[in-house]
Amino acid sequence: MTVTETKLSGVYIVEPRVFGDSRGWFMETYSKIKAPEIECNFVQDNHSFSANKNTLRGIHFQKAPMEQAKLVRCSRGAILDVAVDLRPDSNTFGHYFSIELSADNKKQLFIPHGFGHGFITLTDDVEIIYKADNYYSPEHETGILWSDPDVGIDWGCGEPVLSDKDKVLPLLKELKF
């Protein structure tokens, strides 16, 4: 397993070793011993399906004390996965990192506390699986608008498929930390 830090401190690309033969393949998707950079006690696994290309989910996060770190992978299809630095004291506050995660490349993205998370599907029939180190808490859930001009994410799509909730999320400058 290879763990590579991105331009955002604490956000890591995780690339499992894949062992294949004529029968198929095997990989460890997470190992605390092999990825010591990821200091989490994961307590919940989530599985998401999106039927259509250009479905955008995010940018979501949970407020204190229910922040969630996530280890995200795409098990079917492909996504552009995005982490946004929401740590007010960080020198990269408001910056984002994006990476293609796919069933083919098997890459994963670790997103620590203090970051928003979102993704857009690059294919139809997409499934993502992610581990979280805290439980889902609806009363702590919030986000920022996917098209926030101060963040400037290049989603590669002008008219994504959005939930009603994601259409009305606040801008970053409107959040209280």
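A short tour of the structure in this document, coming up. (Residues numbered from 1 in each chain as written. Predicted model: local features only at pLDDT ≥ 70, side-chain atom pairs only at ≥ 80, totals over all residues. Heavy atoms only, no water.)

## Points about the nonpolar core
The nonpolar side chains of a soluble globular protein tend to be buried with one another. Grouped together as the largest cluster of nonpolar side chains are 20 residues, with contacts concentrated most on Ile59, Val82, Val84, Ile144, Val151, Ile153 and Trp155. Elements with a contribution of two residues or more to this core: β6 (56-62) and β8 (78-85). Non-local contacts of Ile59, meaning those with residues more than four positions away in its chain, are made with Val82, Val84, Gly116, His117, Gly118, Thr142, Gly143, Ile144, Ile153, Trp155 and Leu169. If you look at the next biggest cluster of nonpolar residues, it comprises 17 residues, including Val72, Ile79, Ala83 and Phe115. (Core = buried A, V, L, I, M, F, W, Y, C linked by side-chain atoms within 4.5 Å. Buried < 20%, exposed > 50% of the residue type's maximum accessible area, 1.4 Å probe, protein only. Helix = DSSP H or I, 4+ residues; strand = E, 2+ residues; numbered from the N terminus. Contact = heavy atoms within 4.5 Å.)

## Digging into the sheet that holds strand β11 (residues 115-121)
In any sheet, the strands associate via hydrogen bonds between backbone groups, in a parallel or an antiparallel arrangement. Judged by pairing direction, the sheet is antiparallel, and its five strands sit side by side in the order β9-β8-β11-β6-β13 without closing on themselves. Each end of this open sheet is capped by a strand with a single partner; those strands are β9 (96-102) and β13 (141-143). Taken pair by pair, the neighbouring strands of this sheet meet at an average axis angle of 30°, ignoring direction. In the sheet, β8 pairs with β11 via seven bridges, with the strands oriented antiparallel. Counterpart to Asp81 in the pairing with β11 is Phe119. (Pairing = 2+ DSSP bridges. Axes fitted to C-alpha atoms, helices over the stretch in contact; angles between N-to-C directions.)

## A word on the sheet that holds strand β1 (residues 2-5)
The sheet built from six strands is open, its strands ordered β1-β2-β10-β7-β12-β5 with antiparallel pairing. Looking at which strands have only one partner, the edges of the open sheet turn out to be β1 and β5 (44-50). The sheet shows a mean angle of 25° between the axes of neighbouring strands, direction not considered. Examined bridge by bridge, strand β7 (residues 70-76) and strand β12 (residues 126-132) share six bridges and lie antiparallel to one another. Within the sheet, the bridge partner assigned to Lys70 lies in β12 and is Ala132.

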